[in-house]
Amino acid sequence: MKNSKAEISAKERRREVLKNLRRFGGKLYKQMEKGEFPQIKMPSRSTENIFYSPELRQYILGNKTQRRSSRNIRHIRPFTQLVWAGYFARELTKNRKTSTLRDVYYSAQAYDMSFKDQSESNSIITDLETVTGFSREDFKVFPEERSAVFGDLTIEYTVPGYEGKQLNLMSHPDGVMIGPALTSAEFVRTKADKVIAIEKGGLFTRFVEERVHRKFNALLVLTAGQAPRATRHFIHRLNKELGLPVFIFTDGDPWGMHIAMVIISGSANAAHLRELTTPDAKWSGVWATDIVDYKLPSDPLTEVDIKRLHELEKDPRYEGELWRRETKKFLNIKKKAEQEAFSRYGLTYIVDKYLPTKLKDTN
Amino acid sequence: MVTFEEISPADFFYRNRDIAGFTNPTRAIFSCIRELVENALDASDLSNIPPEIYIRLSRENAEEVQSELGVGVYKLRVMDNGSGIPARHVPSAFGQVLFGSKYKLKQARGTFGLGGTMAILYGQITTHKPVQVRSSTGTSKTYEYKLVIDIQRNRPLILDRKIHRNKDRWRGTIVEFSLEGDYFRAMPKILEYLKQTALVTPYADIEFVDPKGRLYVFTKATTKMPPPPKETLPHPYGVDVETIQRLVRVTEYRTMLDFMQRHFHRVGGGTAVNFLEFAGFVRSADPKKLKHEDIIRLSQTMKRFKKHFGDMNIEKLEGFTKTTRSRSMLDFMKTHFQKVDKNVVLRLLLAVGFLRTKDPRKLRPDEIVRLVRMMKRFNGFLPPDASCLSPLGEELLETGILKELKPEFIAVSQRKPSTYSGHPFIVETAIAYGGNIPKKDDILIYRFANRIPLLYDEASDVSVRVVRSMKWRRYKVALDMPIAILVHVCSTKVPYKTVGKEFIADRPEVKSEILNGIREVARQLQKFLTKREYVKKKTRSLTIFSKFLPKIAKFSTELARKRELPYITKILAGILEDYGESVVWHPYKKVGTNIIINAIVQTVQATEVPIESDYSSKDYIRIYVLSNIDQQDRIVHRSIKYEVETIQDTRFERQLVYRTAICKRVIENERSRLEWKPESPDTKQTFLVTNKQS
Ligand SMILES: Nc1ncnc2c1ncn2[C@@H]1O[C@H](COP(=O)(O)OP(=O)(O)OP(=O)(O)O)[C@@H](O)[C@H]1O
Ligand SMILES: [Mg+2]
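Residues numbered from 1 in each chain as written. Chains lettered and ligands numbered in written order. Predicted model: local features only at pLDDT ≥ 70, side-chain atom pairs only at ≥ 80, totals over all residues. Heavy atoms only, no water.

## Structural notes on the site of ligand 1
Residues and elements named next belong to chain B. Near ligand 1, the surroundings consist of 24 residues, among which S101, T111, L114, G115 and K501 are the closest. Within the contact set of ligand 1, an oxygen atom lies 2.6 Å away from a backbone nitrogen or oxygen of G115. Within the contact set of ligand 1, a nitrogen atom lies 3.4 Å away from a side-chain nitrogen or oxygen of T173. Protein coverage of the free-state accessible area of ligand 1, which is 590 Å², stands at 94%. Going through the elements one at a time, α2 (25-47), α3 (90-95) and α4 (115-127) are the ones with two or more residues in the shell around ligand 1. Among the elements that take part in the shell around ligand 1, α2 stands out by supplying four residues, more than any other. In terms of residue class, the shell around ligand 1 is built from eight nonpolar, 12 polar and four charged. (Near = heavy atom within 4 Å. Polar contact = N/O pair within 3.5 Å; in protein donor to acceptor, adjacent residues only side chain to side chain. Areas by Shrake-Rupley, 256 points an atom, 1.4 Å probe, with all protein chains shown as cover. Helix = DSSP H or I, 4+ residues; strand = E, 2+ residues; numbered from the N terminus. Nonpolar A, V, L, I, M, F, W, Y, C, P; charged D, E, K, R; others polar.)

Structure representation (structure tokens):
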């Protein structure tokens, strides 16, 4: 299985990243040698250049490019920051160190490259992703939020000090954190035949306790709210590399629905990146229909919820039949329910009754 | 019952000392210093020697007084090296109000014969002590007087008189008296007054020892003094009936023609005849009554004016006189010699004696009134000239401002002489920016009249009104910029509103000259500000580029895994090419090579460089260049030659990023002209550094 996948291995990927960064630096170097102000061209990330691609089932960037020149007095500072970010990414990758966005913001100061604020440094990292076509996780820059995975999957680490070491992801009942080490690990073997992604920590723990992984032969992924990019990439890999179908369980409200959607179709913010989406994943609940069918205890939709639903109605990602139906239904019943609402039927109801039905329904 | 009494001028001013600036102890101590200092400066203008003035103010009976605050008794001593006063005039000069030597028609600080004496009078009434004066005109003796003013009789009372030998031929005057005042309240104004006096008298040394023993020194920046004013005659526009009456009483001239020419300013023969004819003060002969000899005389005289009359024969002339209907020769000439200029006619008729003017001594009172009225109405008088005035001049004005304010920029302007009501006046204006000028919410205005700083009643002054009325934004001026405007009005008769000489009234002629003068310098300031803003922008971008480009170079080199840094000086050169101006650079060591380089050229603040004597901050520039410019190299910018004085390099990892050099204007002498001639550049090379440095 190790070498059969379509994806390049972590090692190759690292080499790719370094090569790419070198090319980036080389281009600038050559321009300067010629006595020119260095400049770069990259796809524009402005909203007019973000399109939804039905074929890829995700957002992509259009053909518009954007030129950044150090000749421009207003550009030279972000330009320098970008080159620095490239340099910093190279140092991380080369030395196999990881870092966080916050860390990037502070590290810059050591190079007399201070950023105004966190959001400025974040956007420079996004620029670097756009220029190189790699995601920041490839540069070993991780977000703060962490999510977890539990189930019968054996992985092999590639991070320094752990190379060759294997771990079964069932070895810890709280799950294993989807951090830099897991993200870059190779998949060795699994007996599971599906992935169940869960929005909330409480339910994840309940599923582990109720041995859902055994009963349903599944890997359990905790998204912890909106799934971080590392987690989305991880789910993508489980689906692509291991061929496992993915089922997503969220709260029954527009926000939960959208958590599922971002795992499936990605976000506009990441239009410049690939391999973050899992178009074949299924949103298995909680649906608006479920609220009615299962007579779930519910809360009325707030104004913000309703506004959000109207926005989603216009979203190209919500074209599908299921999505249309459920959005309409939410607006219809004007109710929402949390995953925990099933507790009214007893602690195991959701696992014993609801889950099997829904898995069957959505498969 | 109503009683009548007469009071003397001294008594009058004693009762009304407010109007002369002796309102309260604070103001009084200021006025005393001011009046004596001005007398001292006037005295040295007379002797035409740069003034040295020593002022000492000390506390009397200091032991008795515990606190230094509030009103106390002070002793004021002012010493000058001026003309001195002839011994016989000393008592009246200091002991009699309205006695003085400055009533003449020429510019001086003093005018009323009042100031110094009022100061002494004030001292006398507050301390009951006499004044001591010591003076010499440079003879073998000095005279010392102790006197008090007899206020009711306006007479000096001499208490003591001593004569000393004057071995050193010292010349000057020392005045010392006691007065009541409040120095610590008055201190800011006094110091400001001295500072502004030093500004407008840059050729004076002034020392001041205050009651605490602190010494303030204002040193002269030049020995040049403005040319002294000449005394002048009254201008016809400026006289009144009383003046004419006095003149006709004393004149020695027998005809109005001479009278006009000799007693009035800028009245020549032609103007006099024209005016007298206009005013109806000439009698013209009757052509009908001319005798044959008269006509012969006329035709002979006409030959002298051949150009105008051609050959005129007697028969023809005689024919005219027979047939003419004119009853006066003036009329006659007008009808029969239409083409001839009126001036010529007048001269001709005068020469022949067909025109006569009256004997001025026989003018009747109604004629005098008419004469004055016509003088005001006639518009053929030449304007008064300015030889009776002594403006500071643009050069001295600039010296004074540079000395006291050390501004970054300065523009001065002297307006052409002008007149109001027959009084000549000249307005001088200046504007200064930056340096020691404080940033306030408003433009600072320095007002001067006949070289006296005016410190009180600012709001009512015409200059202040003019400045307030201007639209400063048009000149790129924001009111909170460090800007000082200076207005100097000099005149034989400054239109003061009060005898305290504190502010100038709103005369339309004076006002418009002030306005135009300020506009002129304001336009220059505007040019400076615009240029400065532009250069600032340029330098800022150079700074930004030279901060970030090296970093891009460094990180790119790392990323590309190159061993050597790319050569970025070349790229920075592009910035200079875009923003810089070309200057001709002449390397000191390689004689005969001129190279054009690009540089950003900046002005230098007066505080940034040690300005050498004979130089001003305008003579220094800062340039940003990329060439290997060296000390003593010369550059030419806007056809002014500069020499490189100090250089500072901005380098990045062994690469030259750019050089900053402070250059000083070359004030050329014979020797350096031989050494170095700026020629048209023989090498056109934009940048010297185009290859890698090793
Ligand atoms: N330091 C001095 N040296 C020479 N002459 C002096 C000095 N001080 C005063 N005088 C003479 O005394 C006269 C009277 O001085 P005073 O200050 O009273 O009047 P002023 O200067 O003529 O006019 P103003 O009232 O405007 O000051 C002067 O005109 C001058 O001739
Ligand atoms: Mg005086």
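From this point, the narrative continues.
## Concerning the layout of surface pockets
All names here are of chain B. A volume near 1100 Å³ is recorded for the largest pocket. Y103, K104, L105, H423 and K493 are, among the 35 residues lining the largest pocket, the residues nearest its centre. Broken down by secondary-structure element, the contributors of at least two residues to the lining of the largest pocket are α6 (241-250) and β13 (423-433). At four residues, the largest contribution of residues to the lining of the largest pocket is made by α6. By residue class, the composition of the lining of the largest pocket is 15 nonpolar, 11 polar and nine charged. No fewer than three residues from each of domain 1 (9-218) and domain 2 (394-529) sit in the lining of the largest pocket. (1 Å grid on protein atoms, 1.4 Å probe; cavity = no way out; pocket = protein on both sides within 12 Å on 5 of 7 lines; lining within 4 Å. Points joined across faces, edges and corners; volume = space filled by probe spheres on them. Domains from an automatic or database assignment.)

## Quick notes on the domain arrangement of chain A
Residue and element names in this part refer to chain A. The assigned domain composition of chain A is domain 1 (5-142) and domain 2 (148-362). The C-alpha centroid of domain 2 is placed 30 Å from the C-alpha centroid of domain 1. Counting the surface lost from both domain 1 and domain 2, the interface buries some 2400 Å², and carbon and sulfur atoms represent 56% of this. Seen at the junction of domain 1 and domain 2, the total is five salt bridges. (Buried area = accessible area lost by both parts, 1.4 Å probe. Salt bridge = Lys/Arg side-chain N within 4 Å of Asp/Glu carboxyl O.)

## Re unusual backbone geometry
The amide bond that connects G285(A) to the next residue, V286(A), takes the cis arrangement and shows omega of 0°. Within the secondary structure, V286(A) sits in the loop between β15 (282-285) and α10 (288-293). One non-glycine residue, D457(B), adopts positive backbone phi at about 55°. As for its position among the elements, D457(B) is in the loop between β15 (452-454) and α16 (462-469). Overall, the relative accessible area of 39% leaves D457(B) in the partly exposed class. (Buried < 20%, exposed > 50% of the residue type's maximum accessible area, 1.4 Å probe, protein only.)

## Describing the interface of chain A and chain B
Listed by partner, the interface residues are 29 residues for chain A and 26 residues for chain B. Summed over both sides, the interface between chain A and chain B buries roughly 2600 Å², with carbon and sulfur atoms accounting for 72% of that surface. It is R22(A), Y29(A) and M32(A) that lose the most area in chain A upon contact with chain B, and together they represent 25% of the buried surface on that side. Inspection of the chain A/chain B interface yields two salt bridges. With a closest N to O distance of 3.2 Å, D112(A) and K551(B) form a salt bridge. The interface formed by chain A and chain B holds five residue pairs in polar contact (both at pLDDT 80 or more) in total. (Contact = heavy atoms within 4.5 Å.)

## Let's talk about the packing of aromatic side chains
Here the distance between the centres and the angle between the planes together describe a pair of aromatic rings. As enumerated under the stated definition, the model contains 42 aromatic pairs over all chains in all. With centroids separated by 5.5 Å and ring planes inclined at 75°, the aromatic side chains of Y52(A) and Y59(A) adopt a geometry described as edge-to-face. Relative to Y349(A), the ring of F342(A) has its centre 6.3 Å away and its plane inclined at 20°; by these criteria the two rings are stacked. F342(A) gets classed as buried once you look at its relative accessible area, which sits at 2%. Taking the relative accessible area as the measure of exposure, Y349(A) reaches 21% and is therefore partly exposed. Through a chain of ring-to-ring contacts, the aromatic side chains of W84(A), Y87(A), F88(A), Y111(A), F115(A) and F555(B) assemble into a single cluster. Residue placement shows K358(A) over the ring face of W287(A); its charged tip is 3.2 Å from the ring centre. In this arrangement the basic side chain of K189(B) is found over the ring face of Y456(B), its NZ or CZ atom lying 4.7 Å from the centre. (Phe/Tyr/Trp six-rings, centres within 6.5 Å; stacked < 30°, edge-to-face > 60°. Lys NZ or Arg CZ within 6 Å of the ring centre and 35° of its normal.)

## Looking at the side chain of S135(A)
Position of S135(A) relative to the elements: it lies in the loop between α4 (118-132) and β6 (141-142). Other than its neighbours up to four places away in sequence, S135(A) contacts E129(A), R229(A) and L273(A).

## Focus: the pairing of β15(A)
Residue and element names in this part refer to chain A. Taken together, the three bridges between strand β14 (residues 246-249) and β15 define a ladder with parallel strand orientation. Opposite I248, over in β15, you have W283 as the bridge partner. Handedness of the β14-helix α9 (residues 254-265)-β15 crossover: right-handed. (Pairing = 2+ DSSP bridges. Right-handed = clockwise from strand over helix to strand, strands pointing away.)

## Considering the sheet that holds strand β5 (residues 155-165) of chain B
Residue and element names in this part refer to chain B. Across the sheet, which stays open at both edges, the eight strands sit in the order β5-β4-β3-β6-β2-β1-β7-β8 with mixed pairing between neighbours. Both outer strands of the open sheet, β5 and β8 (215-218), are each paired with one neighbouring strand and no more. Adjacent strand axes in the sheet meet at a mean angle of 15° when their direction is disregarded. Note that strand β3 (residues 131-137) and strand β4 (residues 141-150) share five bridges and pair antiparallel. Opposite V133, over in β4, you have Y145 as the bridge partner. With respect to the sheet, α4 is in contact with β2 (72-80), β3, β4 and β6 (171-181), its orientation differing from that of β6 by roughly 40°. (Axes fitted to C-alpha atoms, helices over the stretch in contact; angles between N-to-C directions.)

## Examining the domain arrangement of chain B
Split by domain assignment, chain B resolves into domain 1 (9-218), domain 2 (394-529) and domain 3 (563-675). Computed over C-alpha atoms, the centres of domain 1 of chain B and domain 3 of chain B are 53 Å apart.

## Focus: α16(B)
At 3.6 residues per turn, the α-helix brings residues three or four places apart onto the same side. Listing the buried residues of α16(B) in full gives V462(B), S463(B), V464(B), V466(B) and V467(B). Where α16(B) is buried, its residues contact β14 (444-449), β16 (483-491) and α17 (508-560) of chain B.

## Looking at the sheet that holds strand β8 (residues 153-156) of chain A
All names here are of chain A. One open sheet accounts for three strands, arranged β9-β8-β11; its pairing is antiparallel. The open sheet has two free edges, formed respectively by β9 (166-168) and β11 (186-190), since each of these has just one partner strand. Neighbouring strand axes in the sheet, compared pairwise and without regard to direction, differ in orientation by 25° on average. Bridge analysis of β8 against β9 gives three bridges, and the strand direction is antiparallel. Its bridge partner being in β9, E156 is matched across the sheet by Q166. The sheet contacts of helix α8 (residues 229-242) involve β8 and β11, and relative to β11 the element is tilted by about 60°.

## A word on the nonpolar core
Ranked by internal contacts, the top residues of the largest apolar core, which has 68 residues, are L153(A), I196(A), F207(A), L220(A) and L238(A). It is α9(A) that provides the largest number of residues to this core, a total of six residues. Excluding its chain neighbours within four sequence positions, the residues that come into contact with L220(A) are A148(A), V149(A), F150(A), I196(A), I198(A), F204(A), F207(A), V208(A), V212(A) and H213(A). Within the second largest apolar cluster, 55 residues are counted, among which are I33(B), A40(B), F218(B) and L455(B). (Core = buried A, V, L, I, M, F, W, Y, C linked by side-chain atoms within 4.5 Å.)

## Section: a positive patch on the surface
On the surface, a cluster of positive charge is contributed by R22(A), K30(A), K34(A), R561(B) and K562(B). Along the chain, R561(B) turns up in the loop between α17 and α18 (569-579). (Patch = residues over 30% accessible without salt bridge, like charges linked within 9 Å, V, L, I, M, F, W, Y side chains within 5 Å. Lys, Arg positive; Asp, Glu negative; His and termini not counted. Charge placed at Lys NZ, Arg CZ, Asp CG, Glu CD.)

## Topic: helix α12 (residues 321-333) of chain A
Residues and elements named next belong to chain A. Between its first and last C-alpha, α12 extends 18 Å over 13 residues, near the 18 Å set by a 1.5 Å rise per residue. By the burial criterion, the buried members of α12 are W323, E326, T327, F330 and L331. Each buried residue of α12 lies within a common arc of 135° when the element is viewed along its axis, so the set occupies one face. Counted as exposed and oriented over 90 degrees from the buried face of α12: E321, K328 and N332. Those residues of α12 that are buried are in contact with α9, β15, α10, α11 (303-314) and β17 (335-336). Backbone geometry just after α12 places K334 at a positive phi near 55°. (Expected span 1.5 Å × (residues − 1). Arc of directions from axis to C-beta.)

## A few points about the pairing of β13(B)
Residues and elements named next belong to chain B. The buried fraction of β13 amounts to 11 of the 11 residues, a majority that puts the element mostly inside the structure. Alignment of strand β11 (residues 409-414) against β13, held across six bridges, turns out to be antiparallel. Residue pairing in the sheet places A411 in a bridge with I431 of β13. When strand β12 (residues 418-420) meets β13, the two strands line up antiparallel, connected through three bridges. Along β13, the bridge assignment pairs Y420 with H423. Following β12, the chain reverses through two residues before pairing antiparallel with β13; S421 in that reversal takes a positive phi of roughly 45°.

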